[in-house]
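Observations on chain architecture
Next come the chains, spelled out residue by residue.
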Amino acid sequence: MAMNVRLRDDQTEALRLRAEEEGTSMHAILLRAVDDYLARTAHQALVRNAAREQTAKWAELLERLK
């Protein structure tokens, strides 16, 4: 799917410089950033869900420990 991304001028310039330093394209850096974000937030969601499940499972014990 094609999509447009609108960056501020300073972001565009920083991205251009980083791509040049890495010898890659701005597009490749943006794709990597999206992949990193999706992986990080998926992991955070798993941790949140596990915490909720464990809190519910051990609610009575946790209450007694207060």
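The structure displayed is predicted, hence computed values, not measured ones.

About the criteria used
- Residues numbered from 1 in each chain as written.
- Predicted model: local features only at pLDDT ≥ 70, side-chain atom pairs only at ≥ 80, totals over all residues.
- Heavy atoms only, no water.
- Helix = DSSP H or I, 4+ residues; strand = E, 2+ residues; numbered from the N terminus.
- Rg over C-alpha atoms; globule rule 2.2 N^0.38 Å.
- Buried < 20%, exposed > 50% of the residue type's maximum accessible area, 1.4 Å probe, protein only.
- Areas by Shrake-Rupley, 256 points an atom, 1.4 Å probe, with all protein chains shown as cover.
- Lys, Arg positive; Asp, Glu negative; His and termini not counted.
- Charge placed at Lys NZ, Arg CZ, Asp CG, Glu CD.
- pLDDT = per-residue confidence, 0-100.
- Salt bridge = Lys/Arg side-chain N within 4 Å of Asp/Glu carboxyl O.

Quick notes on the overall build of the protein chain
A tally of regular secondary structure across the protein chain gives 3 helices and 0 strands. For 66 residues, the compact-globule estimate of 2.2 N^0.38 gives 11 Å, and the C-alpha radius of gyration of the protein chain, at 21 Å, exceeds that figure by more than 25%. Seen along its three principal axes, the alpha-carbon backbone of the protein chain occupies a region of about 60 × 25 × 20 Å. For the protein chain, the residues scored as buried account for 5% of the 66 residues in total. For the protein chain, the computed accessible surface area is about 6100 Å², with 58% contributed by carbon and sulfur atoms. Side-chain charges in the protein chain split into 11 positive and 11 negative, and the spacing between the mean points of these groups amounts to 8 Å.

Details of the confidence of the model for the protein chain
Of all residues in the protein chain, 100% attain a pLDDT of 70 or more, and the chain-wide mean is 92. Within the protein chain, helix α1 (residues 9–22) carries the highest mean pLDDT (98), whereas helix α3 (residues 59–64) carries the lowest (86).

Focus on the pattern of salt bridges
Evaluation of the coordinates by the stated rule reveals 6 salt bridges. Residues D10 and R8 are paired through a salt bridge, measuring 3.0 Å at the closest nitrogen-oxygen approach. Here E63 and K66 are joined by a salt bridge, their closest N and O atoms 3.4 Å apart. For K66, a relative accessible area of 78% translates into the label exposed. Shared partners join several salt bridges into a network, and the residues in it are E13, R16 and E20.

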